[in-house]
Number of protein chains: 2
Amino acid sequence: MKTHYVPQPPTPRNPGDDAPPGSAPPVPVAQSADDPPATATQGQEAEMLLERTRALVDPRLRAAVESLPGSIRRVAMYHFGWQEADGSPSSGPAGKAIRPALVLAAARALGGDQEQAVRAAVAVELAHNFTLLHDDVIDEDRTRRHRPTAWAVFGIPDAVIAGDAMLALAQRLLAEDSSPAGARASARLSTCVIELCAGQQADCAFEDRGPDEVTLDECLTMATAKTGALLGCACALGALYAGAGERAVGAMDGFGREAGLAFQLIDDLIGIWGDPARTGKPVGADLVAHKKSLPVVAALTSGTPAAAELATLYRGSMNTPGEVSRAADAVDRAGGRDWAQIAAADRMARAVHHLSRAVPDLARAGDLLTLAEFVTRRTH
Amino acid sequence: MKTHYVPQPPTPRNPGDDAPPGSAPPVPVAQSADDPPATATQGQEAEMLLERTRALVDPRLRAAVESLPGSIRRVAMYHFGWQEADGSPSSGPAGKAIRPALVLAAARALGGDQEQAVRAAVAVELAHNFTLLHDDVIDEDRTRRHRPTAWAVFGIPDAVIAGDAMLALAQRLLAEDSSPAGARASARLSTCVIELCAGQQADCAFEDRGPDEVTLDECLTMATAKTGALLGCACALGALYAGAGERAVGAMDGFGREAGLAFQLIDDLIGIWGDPARTGKPVGADLVAHKKSLPVVAALTSGTPAAAELATLYRGSMNTPGEVSRAADAVDRAGGRDWAQIAAADRMARAVHHLSRAVPDLARAGDLLTLAEFVTRRTH
């Protein structure tokens, strides 16, 4: 048995990556000499898990989307990368299917039948894509998965409507399931969607506030709502479809939430120090966008001289490479980078703790740990 | 017993109204000498029904809305007219509560306990308000219930997010109900929301098409989806909460749908010939907006000389009182006004036929008929 459950510190950069704008070397604080390095095999295992998930979930997801009325279906098929804007077939890059994979892995870990849980996996993926459609409108993002976003192609009305219909479709799938899990899953998903909305709303509101007006607690609550909630819900729905009791369902939710927060912390580090060749985004993309991400807010609220320097940069336009590089360096010197790496490792440890309450024999939860490690180890 | 169930022709204008832009007198085609005139008493009865509904539903609706996260709650409370934009209390005009009233009346007609059905009434009203929030964004409408719309006050992101959360809240209310009706109601509401989305999408798409490119069938399908579906769903949910079988539930849905279409036809007539003093909108508001409403499309597709005249006006800017008056007159001469009045009466007859399948003793369905008459007789 592999020691999957040993909390691993995140490694947001590969040693071979190009030098990021910040000048400091990779921070080893959270790295223990006892931790085995992430192996290619672990990554491959996760990729295989995701591929198996897509093979199981995609046909059902596609059938659900194809049941939508024609005009809405067209926008949805484009969004999922199954069609071009003109309706011709496309094999564009769909999502990684991490959330559906979590649903199925959680169901398996608790002895459930994954065939039963596919319905929940489809519902969660639909709910996730509802948020993507609306978030792209709200954030005015024009690119997703290397293609123009749905609203950029079809206009804001069609994108908003397609998102609405996708949420209703997710709910319908669960409501139509007469098994005892259906109604409980539906209620949990609805509660989760409300939390997702609160997270997205907070994220927008942060943009209108000054660089020293957002607390780290607010930022953590926002990230938990925006990212952790749906990963938690995915795991909880898997547990529900395995017939688990409230305690195990709640623990599974906790696992997904904490893993989701670890994922967000790594994502935020990549948003600053990610390799443009791998992320497909410009150097320091989140800094250019003045995003109040977790490492940035940790730095801004550190009370250090570097915090004041960063706040000054955040009040300006910050669009030259020199300014972006200085901001990244300031986040680092203010301790934001260290903090985020340690916090990510801490969240993964909490995630594993929750998981051990849901699945006392962690050997049975190998796939869940593989997925959690995968999302927190990725470099792009 | 009153002869509630005799199909009544709509009377979109009161005799005492100011003269509308069209020159023709009220069309008496569908009026039979046997029909009793609408009495003030009937209107008062409907108002009392609506008031009783609000007294039952509002506290639960408000409690549900108050359970939303703070930032979203603020937008929702403003939208419902319970708060001003700054959060201070307001007793602004809320909606009429026609949909909740239909839920409760349908439950009563089938011998159900209306206390049980209040949950469904709240869910339907939340779903209705989700559509209002999003439709106002999509249609760029700046005024609703005589106040600035939510997006005009809080911005598009907050209004979209509040709508999303309201839909999820509606779903949660039904999913959390462990009674057998809960899951069935939840599935029906989700299916209805998808249809509402299709209706709104079609409505938007019509705007981009030429005046002779929309068929009457397409227009009827759109109106059924956009207006009929939710009124049908309201009645169906009432039936479900009364423990009715699929057949009665389906018949109740048919009643609401047909009554909804009658309502839309009357609404469209008011959009052309409504009295500005009563509607709060300018003379011929729908014509100024180039709206392809049902009487307009009936006129445009009539093959008459007046149709060609109307099409020419629709291709222009149509913003002078003279042009608006000529367009209203063309709709009338092309038969659009007569058609809409007859169609509304026909839809009401179909509605009553459906109702008699759900409630063979129509005497028990008096409240439903009162409500249907109320919405198709209103003049503003």
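Residues numbered from 1 in each chain as written. Chains lettered and ligands numbered in written order. Predicted model: local features only at pLDDT ≥ 70, side-chain atom pairs only at ≥ 80, totals over all residues. Heavy atoms only, no water.

A. Representation of the packing of aromatic side chains within the structure. Residues and elements named next belong to chain A. As enumerated under the stated definition, the model contains 4 aromatic pairs over all chains in all. Where Phe80 meets Trp82, the ring centres are 4.7 Å apart and the plane angle is 15°; that geometry is what we call stacked. Looking at Phe80, the relative accessible area reads 2%, which means it is buried. The exposure class of Trp82 is buried, given its relative accessible area of 8%. The ring of Tyr78 has Arg147 lying over it, and the distance from NZ or CZ to the ring centre is 4.0 Å. (Phe/Tyr/Trp six-rings, centres within 6.5 Å; stacked < 30°, edge-to-face > 60°. Buried < 20%, exposed > 50% of the residue type's maximum accessible area, 1.4 Å probe, protein only. Lys NZ or Arg CZ within 6 Å of the ring centre and 35° of its normal.)

B. Local environment of the relation of the copies chain B and chain A. You can overlay chain B on chain A at an RMSD of 0.0 Å; the transform is a turn of 180° with a shift of 0.0 Å along its axis. On the angle and the small slide along the axis, the relation comes out as a two-fold axis. No C-alpha of chain B lies nearer the rotation axis than that of Ala183 of chain B, which sits 3.1 Å from it. Looking at the interface residues of chain B, 100% of them are also at the interface in chain A, so both copies use one shared face. (Least-squares fit on C-alpha atoms with pLDDT ≥ 70 in both. Contact = heavy atoms within 4.5 Å.)

C. Examining helix α3 (residues 98-109) of chain B more closely. Residues and elements named next belong to chain B. With 12 residues, α3 extends 16 Å from end C-alpha to end C-alpha; this agrees with the ideal 16 Å at 1.5 Å per step. The set of residues buried in α3 consists of Ile98, Arg99, Pro100, Ala101, Leu102, Val103, Leu104, Ala105, Ala106, Ala107 and Ala109. At the C-terminal side of α3, Gly111 shows a positive phi close to 75°. (Helix = DSSP H or I, 4+ residues; strand = E, 2+ residues; numbered from the N terminus. Expected span 1.5 Å × (residues − 1).)

D. A look at the interface of chain B and chain A. Taken together, the contacts link 32 residues of chain B with 32 residues of chain A. Carbon and sulfur atoms make up 75% of the area that chain B and chain A hide from each other, which totals about 2,800 Å². Interface area lost by chain B to chain A is led by Ile161, Ile194 and Gln201 of chain B, which between them contribute 21%. For the interface between chain B and chain A, the tally reads 0 salt bridges. Breaking the side of chain B that touches chain A down by element, the ones donating at least two residues are α2 (70-79), α4 (114-139), α6 (156-175) and α7 (180-207) of chain B. (Buried area = accessible area lost by both parts, 1.4 Å probe. Salt bridge = Lys/Arg side-chain N within 4 Å of Asp/Glu carboxyl O.)

E. A look at the confidence of the model for chain A. Residue and element names in this part refer to chain A. Summarising the model, chain A shows a mean pLDDT of 88, and 88% of its residues fall at 70 or more. Within chain A, no element has a lower average pLDDT than helix α10 (residues 276-279), which sits at 80, and none a higher one than helix α3 (residues 98-109), at 98. Here residues 1-37 scores under 50 on pLDDT; set against residues more than four positions off or in separate chains, the count is 70 contacts. (pLDDT = per-residue confidence, 0-100.)

F. Broad picture of the packing of α6 of chain B against α7 of chain B. Residues and elements named next belong to chain B. The contact between α6 and α7 brings their axes to 8 Å, and the two run at 155°. As the angle between them shows, α6 and α7 are arranged roughly antiparallel. Along the contact surface, α6 presents Leu167, Ala170, Gln171 and Leu174, while α7 presents Gly182, Ala185, Ser186, Leu189, Ser190 and Val193. Its residues assigned to classes, the contact of α6 with α7 shows 6 nonpolar, 4 polar and no charged. (Axes fitted to C-alpha atoms, helices over the stretch in contact; angles between N-to-C directions. Parallel < 35°, antiparallel > 145°, perpendicular 65-115°, else oblique. Nonpolar A, V, L, I, M, F, W, Y, C, P; charged D, E, K, R; others polar.)

G. Representation of the nonpolar core. Core analysis: the biggest nonpolar cluster contains 192 residues, and Leu126, Met252 and Leu368 of chain A together with Leu126, Met252 and Leu368 of chain B have the highest contact counts within it. With residues up to four places along the chain from it excluded, the contact list for Leu368 of chain A reads Leu102, Ala105, Ala106, Ala109, Cys235, Met252, Phe255 and Leu355 of chain A. (Core = buried A, V, L, I, M, F, W, Y, C linked by side-chain atoms within 4.5 Å.)

H. Broad picture of the pattern of salt bridges. Considering all chains together, one arrives at 36 salt bridges over all chains under this definition. A salt bridge links Arg337 of chain A to Asp332 of chain A, with the nearest nitrogen and oxygen atoms 3.3 Å apart. Residue classification places Arg337 of chain A among the buried residues on the basis of a relative accessible area of 2%. Judged by its relative accessible area of 10%, Asp332 of chain A falls in the buried class. In this structure, Glu195 of chain B engages Arg257 of chain B in a salt bridge whose closest nitrogen and oxygen atoms are separated by 2.8 Å. Here Arg257 of chain B lies in helix α9 (residues 246-273) and Glu195 of chain B lies in helix α7, a separation of 62 residues in the sequence. Residue Glu195 of chain B is classed as partly exposed on the basis of its relative accessible area of 24%.

I. Examining the side chain of Lys292 of chain B more closely. Residues and elements named next belong to chain B. Considering the arrangement of structural elements, one finds Lys292 in the loop between α11 (285-288) and α12 (294-300). One buried charged side chain, Lys292, makes no salt bridge at all; its nearest oppositely charged neighbour is Glu213, positioned 7.3 Å away. Separated by 2.7 Å, the side chain of Lys292 and the backbone oxygen of Phe206 make a polar contact. When residues no more than four places from it in sequence are discounted, the contact partners of Lys292 are Phe206, Glu207, Arg209, Gly210, Pro211, Val214, Cys219 and Val297. (Lys, Arg positive; Asp, Glu negative; His and termini not counted. Polar contact = N/O pair within 3.5 Å; in protein donor to acceptor, adjacent residues only side chain to side chain.)

J. View of α7 of chain B. A rise of 1.5 Å per residue sets the reference length of α7 of chain B, with its 28 residues, at 40 Å; its end C-alpha atoms lie 42 Å apart and thus fit the reference within 8%. With 20 of 28 residues buried, α7 of chain B lies mostly within the body of the structure.

K. The environment of Ser302 of chain B, seen in detail. All names here are of chain B. Looking at where Ser302 falls in the secondary structure, it is placed in the loop between α12 and α13 (305-315). A relative accessible area of 28% means that Ser302 is categorised as partly exposed. Placed 86 residues apart in sequence, Ser302 and Leu216 show a C-alpha to C-alpha distance of 9.8 Å. When sequence neighbours within four positions are dropped, the list of residues in contact with Ser302 reads Ala307 and Ala334. Only 2.6 Å separates the side chain of Ser302 from the backbone oxygen of Ala299, close enough to count as a polar contact. Within polar-contact distance, the side chain of Ser302 engages the side chain of Thr304 at 2.8 Å.

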